[in-house]
Amino acid sequence: MMKTVDIVVPCYNEEEVLPEFIKVTNEVIATLPEYSFRYILVNDGSKDKTLLVMMKLAKEFENVKYISFARNFGKEAAMYAGLEHTTADLVIVMDADLQHPPAMFPEMLKGIEEGHDCCALYREEKERKDGFLRRGFSKLFFKMQNSMSSVKMPYGAVDYRVMTRQMIDSILSLSEVQRFSKGIFCWVGFDTKWIPYENVERTIGTSSWSFWGLFKYAIDGITSFSVSPLKFIFILGVLLFFGSIAGMIAIIIEALITGDFGSGYATIVCVMLFIGGLIELSIGIIGEYLGRVYIETKKRPIYIAKVKNIEKNEK
Ligand code: UDP
Ligand code: MG
């Protein structure tokens, strides 16, 4: 029987690139007649005419489905909405901006044929033209993520992958609102084959990620999958506690021997600042987790769709 493949594409202000994306992807699809493809485009509250473009494409191609959000809910929510509407045997997740080359489809699908549950791509380092700072932080993020949590992913892992129905169902069973897909994809386990690909520069439109946005994304990733920062505070507290006791004993002994308590305002101020800083830092880390708990307890929907031409469980 012919295998079905749903392609989930989150789109935010992609009116210029979308027609090109469908055109290029259709060319690749034409070379894979043994699969039947369907697009699930998710308009994440774009400010431009992305929705109109989607509607036009849906008229032109009957395998184009779309879901349009009531506002911008973020890429994670868009991916979730798309995944929730998939029914195919296999699901591909990719960006709309052609930075995830559709030409990789044959190789990815081959991985599934070989028996893997998932075929995911990572960007080869030499191809990255990001600034020095951005690259440094990005490296640091992958290092921290991998060392602090049980979820491991290669450096340069992107959200471009193909997964089996079974894996998609497992991903959807994770109902957290603050979704960090990179981690969730790895957390559910299954057998993933990692394929390198050459990074493509965005030709049309602009990336919607600011440096600060990426920084917050990294913090999200770490706090979603690891409680090591909380343990770090505890260990720091223990070290400081015993350290200060040792210091006090040293001062008393010195005073007993020399009979002089000396004066050390500078030292005292330094120590107070140090401890104050640590307390602030610790409260900040606790606050980060507390905030996450607070948001999760509200059990809000991950997205709200306004218009769509596809229902859940629609084949
Ligand atoms: N995107 C989205 N919602 C957002 C921001 C981005 O759905 O709030 C989509 C965007 O349309 C694209 C993908 O997520 O298909 C990746 O975004 P972008 O190209 O801006 O990120 P980068 O490639 O720089 O990581
Ligand atoms: Mg991009």
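Reading the values: the criteria
- Residues numbered from 1 in each chain as written.
- Chains lettered and ligands numbered in written order.
- Predicted model: local features only at pLDDT ≥ 70, side-chain atom pairs only at ≥ 80, totals over all residues.
- Heavy atoms only, no water.
- Helix = DSSP H or I, 4+ residues; strand = E, 2+ residues; numbered from the N terminus.
- Rg over C-alpha atoms; globule rule 2.2 N^0.38 Å.
- Contact = heavy atoms within 4.5 Å.
- Areas by Shrake-Rupley, 256 points an atom, 1.4 Å probe, with all protein chains shown as cover.
- Lys, Arg positive; Asp, Glu negative; His and termini not counted.
- Charge placed at Lys NZ, Arg CZ, Asp CG, Glu CD.
- Near = heavy atom within 4 Å.
- Polar contact = N/O pair within 3.5 Å; in protein donor to acceptor, adjacent residues only side chain to side chain.
- Nonpolar A, V, L, I, M, F, W, Y, C, P; charged D, E, K, R; others polar.
- Donors = N, O, S within 2.8 Å, 3.2 Å for Na, K, Ca; no water.
- Buried < 20%, exposed > 50% of the residue type's maximum accessible area, 1.4 Å probe, protein only.
- Salt bridge = Lys/Arg side-chain N within 4 Å of Asp/Glu carboxyl O.
- Axes fitted to C-alpha atoms, helices over the stretch in contact; angles between N-to-C directions.
- Parallel < 35°, antiparallel > 145°, perpendicular 65-115°, else oblique.
- Pairing = 2+ DSSP bridges.

Student: In this structure, what is going on with the overall build of the chain? I would like to understand it.
Tutor: Looking only at helices and strands, one finds 10 helices and eight strands in the chain. For 315 residues, the compact-globule formula gives about 20 Å, and the C-alpha radius of gyration of the chain, at 25 Å, lies well above that figure. The contacts of the chain with a sequence gap of at least 6 include a subset with a gap of at least 24, amounting to 82%. Carbon and sulfur atoms form 64% of the exposed surface of the chain, whose accessible area is close to 17200 Å². Of note, the chain has its 36 positive side-chain charges centred 3 Å away from the centre of its 38 negative side-chain charges.

Student: Sorry, what's going on with the site of ligand 1 here?
Tutor: With respect to spatial proximity, 16 residues lie near ligand 1, and among them Glu14, Asp44, Asp97, Gln99 and Ser207 are the closest. In this structure, proline 10 approaches ligand 1 through a main-chain N or O atom, which is 2.7 Å from an oxygen atom. Here an oxygen atom of ligand 1 and a side-chain polar atom of glutamine 99 are 2.7 Å apart. For ligand 1, the protein covers 86% of the area, taking 530 Å² as the surface of the free molecule. Within the shell around ligand 1, the residues separate by chemical class into five nonpolar, five polar and six charged.

Student: Could you clarify how one ought to interpret the coordination of the magnesium ion (ligand 2) in this entry?
Tutor: Six octahedral donors around a metal ideally subtend angles of 90 or 180 degrees, whereas four tetrahedral donors ideally subtend 109.5 degrees. Each protein donor to the magnesium ion (ligand 2) is listed here as Asp97 (OD) and Gln99 (OE1); together their distances run 1.9 Å. On the basis of relative accessibility, which here comes to 4%, the residue aspartate 97 falls in the buried class.

Student: What should I look at first to understand the pattern of salt bridges in this one?
Tutor: Close approach of charged atoms lets side chains of opposite charge pair. Applying the stated criterion across every chain, the model contains nine salt bridges. The shortest N-O distance in the salt bridge between aspartate 6 and arginine 38 comes to 2.9 Å. On the criterion of sequence distance, the pair formed by aspartate 6 in strand S1 (residues 3-11) and arginine 38 in strand S2 (residues 35-43) is long-range, its members being 32 residues apart. The two residues aspartate 6 and arginine 38 agree in class, both being buried. Across the salt bridge formed by glutamate 114 and lysine 193, the nearest N and O atoms sit 3.1 Å from each other. Within this pair, whereas glutamate 114 is found in the loop between helix H4 (105-113) and strand S5 (118-123), its partner lysine 193 is found in strand S7 (residues 192-197), the two being separated by 79 residues in sequence. Within this structure, Lys75, Asp95, Asp159 and Lys182 form a network of salt bridges that share partners.

Student: I tried to follow the packing of helix H5 (residues 132-148) against helix H8 (residues 211-225) on my own but got confused; where do I start?
Tutor: Describing two packed helices takes the angle between their axes plus the distance from one axis to the other. Their axes nearest at 9 Å, the elements H5 and H8 cross at an angle of 5°. When the axis of H5 is compared with that of H8, the two are roughly parallel. Contact with H5, carried on its side by Leu133, Arg134, Phe137, Phe141, Met144, Gln145 and Met148, involves Phe211, Leu214, Ala218, Gly221, Ile222 and Phe225 of H8 and no other residues of that element. Split into classes, the residues belonging to the contact of H5 with H8 amount to 10 nonpolar, two polar and one charged.

Student: Is there a simple way to think about the sheet that holds strand S3 (residues 64-69) in this case?
Tutor: One key point about sheets: their strands pair by backbone hydrogen bonds, in either a parallel or an antiparallel sense. On the basis of which strands lie adjacent, the open sheet formed by eight strands has the order S7-S5-S6-S4-S1-S2-S3-S8 and mixed pairing. If you trace the sheet from one side to the other, it starts and ends with S7 and strand S8 (305-308), each paired once. Averaged over all neighbouring strand pairs, the angle between strand axes comes to 20°, with direction disregarded. Both S2 and S3 contribute to a ladder of five bridges, which runs parallel.

Student: Looking at this structure, how should I read the environment of phenylalanine 61?
Tutor: Turning to its location among the elements, phenylalanine 61 is positioned in the loop between helix H2 (50-60) and S3. Residue phenylalanine 61 is classed as partly exposed on the basis of its relative accessible area, which comes to 25%. Sequence-wise, phenylalanine 61 and isoleucine 22 are 39 residues apart; in three dimensions their C-alpha atoms are separated by 9.5 Å. In this structure phenylalanine 61 touches Ile22 and Asn26, once residues within four positions along its chain are discounted.

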